[in-house]
Amino acid sequence: NPVVSDANKTSNIKEQDPSIVAPGYLFSIHSTFDKAVNGQFRVDIDGQLQLPYNVKIKTNGKTIEQVQKMIIADFQAFFKSSNAVSVELAERKYLVETEGLVLKSGKYLIDQKTSLDEIITQSGGLLPVNQPNYLKIKYPDHKSRIIDLKNYFQVGSAKKISGWQGGEVLFFQKELNDGEV
């Protein structure tokens, strides 16, 4: 069960290892044999990479090098040449999703060190009426953390909540649900 966190304390959630593929990472693929393969493809919030020809790769827990090899292997079946496709990491951004009492719920690309205040701003801000009192951060590994927003804003701890992993869902809510303390 999640617990209400003091926004001044550092989270027990470890920072994402940048060599591990995260939701939001952007891969660039190039083929001299088939222009339909050329392009940039972003890992979705659930860790899936959707590629041309209905190729889907689950990137969860994989390194950049492993994903590059998986992409090349999957496309090699379409081509006779062993070096028909090249793959590189084009951008290391993190995809998070905001829900609940914000003006514009949605998926947002951020840097690993983006502050919570910046994410709230990207989401259009908190609702002016019926403002949320709590933020529940659900991590990809199914752990969660609850932040008392009143404490967060009063203490000015904007720099304390960062180190995003990609794939987090930030749910802004008025009250805690049963079992959440």
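Details of the structure are given in the entry above.
Computed from a predicted structure; not experimentally measured.

**Q** Even after reading the chapter, I still don't get the overall build of the protein chain, so can you show me in this structure?
**A** Counting its regular elements, the protein chain contains three helices and 11 strands. Reading the helices (α) and strands (β) of the protein chain from amino to carboxyl end gives β-β-β-β-β-α-β-β-β-α-β-β-α-β. Scored against the burial criterion, the 181 residues of the protein chain give a buried share of 44%. Within the protein chain, contacts between residues separated by at least 24 positions form 60% of all contacts whose residues are at least 6 apart in sequence. Accessible area of the protein chain: about 9900 Å², with a carbon and sulfur share of 48%.

**Q** Would you explain the packing of aromatic side chains in this entry?
**A** Aromatic ring pairs are reported here in terms of the distance separating the ring centres and the angle at which the planes meet. Per the counting criterion, the structure on display carries two aromatic pairs. Each ring, one from Y25 and one from Y94, has its centre 5.6 Å from the other, and the planes form 70°; the classification is edge-to-face. Placement of Y25 in the loop between strand 1 (4-5) and strand 2 (26-31) and of Y94 in strand 7 (residues 94-100) is noted, with a sequence separation of 69 residues between them. Here Y94 falls in the buried class, since its relative accessible area comes to 2%. With 5.0 Å between their ring centres and 75° between their planes, Y152 and F153 make a pair best called edge-to-face.

**Q** Help me understand the nonpolar core in this model?
**A** Grouped together as the largest cluster of nonpolar side chains are 39 residues, with contacts concentrated most on F27, I71 and F172. In this structure, F172 is in contact with T98, E99, G100, L101, V102, L116, I120, L126, P132, Y134, L135 and L149, ignoring residues within four places of it in sequence.

**Q** Explanation requested: the pattern of salt bridges in the structure shown.
**A** In a structure, side chains of opposite charge can pair up when their charged atoms sit close to one another. Scanning the entire structure with this criterion turns up four salt bridges. Here E91 makes a salt bridge to R42, at a shortest N to O gap of 2.8 Å. In this pair, E91 sits in strand 6 (residues 85-91) while R42 sits in strand 3 (residues 39-42), placing the two residues 49 residues apart along the sequence. Judged by relative accessible area, which is 30%, R42 ranks as partly exposed. For K93, the salt bridge identified is with D111, shortest N-O distance 3.0 Å.

**Q** Where do I start with the environment of R42 in this structure?
**A** Placed 53 residues apart in sequence, R42 and L95 show a C-alpha to C-alpha distance of 9.4 Å. Among all residues touching R42, those that are not within four sequence positions of it are G24, Y25, L26, Q48, L49, E91, K93 and L109. From its side chain, R42 meets the backbone oxygen of G24 in a polar contact 2.5 Å long.

**Q** Explanation requested: the sheet that holds strand 2 in the structure shown.
**A** Strand pairing in a sheet relies on backbone hydrogen bonds. The paired strands run either parallel or antiparallel. Strand order across the open sheet formed by three strands is 3-2-6, with antiparallel pairing between neighbours. A strand with exactly one partner marks an edge of an open sheet, and here the two such strands are strand 3 and strand 6. Strand-to-strand twist of the sheet, defined as the mean angle between neighbouring strand axes without regard to direction, takes the value 30°. Note that strand 2 and strand 6 share six bridges and pair antiparallel. By the bridge assignment, F27 is partnered in strand 6 with L89.

**Q** Sorry if this is basic, but what is going on with the pairing of strand 4 (residues 48-51) here?
**A** Every other side chain in a regular strand lies on the same face of the sheet, so the side chains alternate between the two faces. Burial of the side chains of strand 4 is restricted to one face: L49 and L51 are buried, whereas none of Q48 and Q50 on the reverse face is. Alignment of strand 4 against strand 5 (residues 55-58), held across four bridges, turns out to be antiparallel. Looking at strand 5, one finds that Q48 is bridged to K58. Connecting strand 4 to the next strand, strand 5, in antiparallel fashion are three residues, including Y53 with a positive phi near 60°.

How each quantity is defined
- Residues numbered from 1 in each chain as written.
- Predicted model: local features only at pLDDT ≥ 70, side-chain atom pairs only at ≥ 80, totals over all residues.
- Heavy atoms only, no water.
- Helix = DSSP H or I, 4+ residues; strand = E, 2+ residues; numbered from the N terminus.
- Buried < 20%, exposed > 50% of the residue type's maximum accessible area, 1.4 Å probe, protein only.
- Contact = heavy atoms within 4.5 Å.
- Areas by Shrake-Rupley, 256 points an atom, 1.4 Å probe, with all protein chains shown as cover.
- Phe/Tyr/Trp six-rings, centres within 6.5 Å; stacked < 30°, edge-to-face > 60°.
- Core = buried A, V, L, I, M, F, W, Y, C linked by side-chain atoms within 4.5 Å.
- Salt bridge = Lys/Arg side-chain N within 4 Å of Asp/Glu carboxyl O.
- Polar contact = N/O pair within 3.5 Å; in protein donor to acceptor, adjacent residues only side chain to side chain.
- Pairing = 2+ DSSP bridges.
- Axes fitted to C-alpha atoms, helices over the stretch in contact; angles between N-to-C directions.

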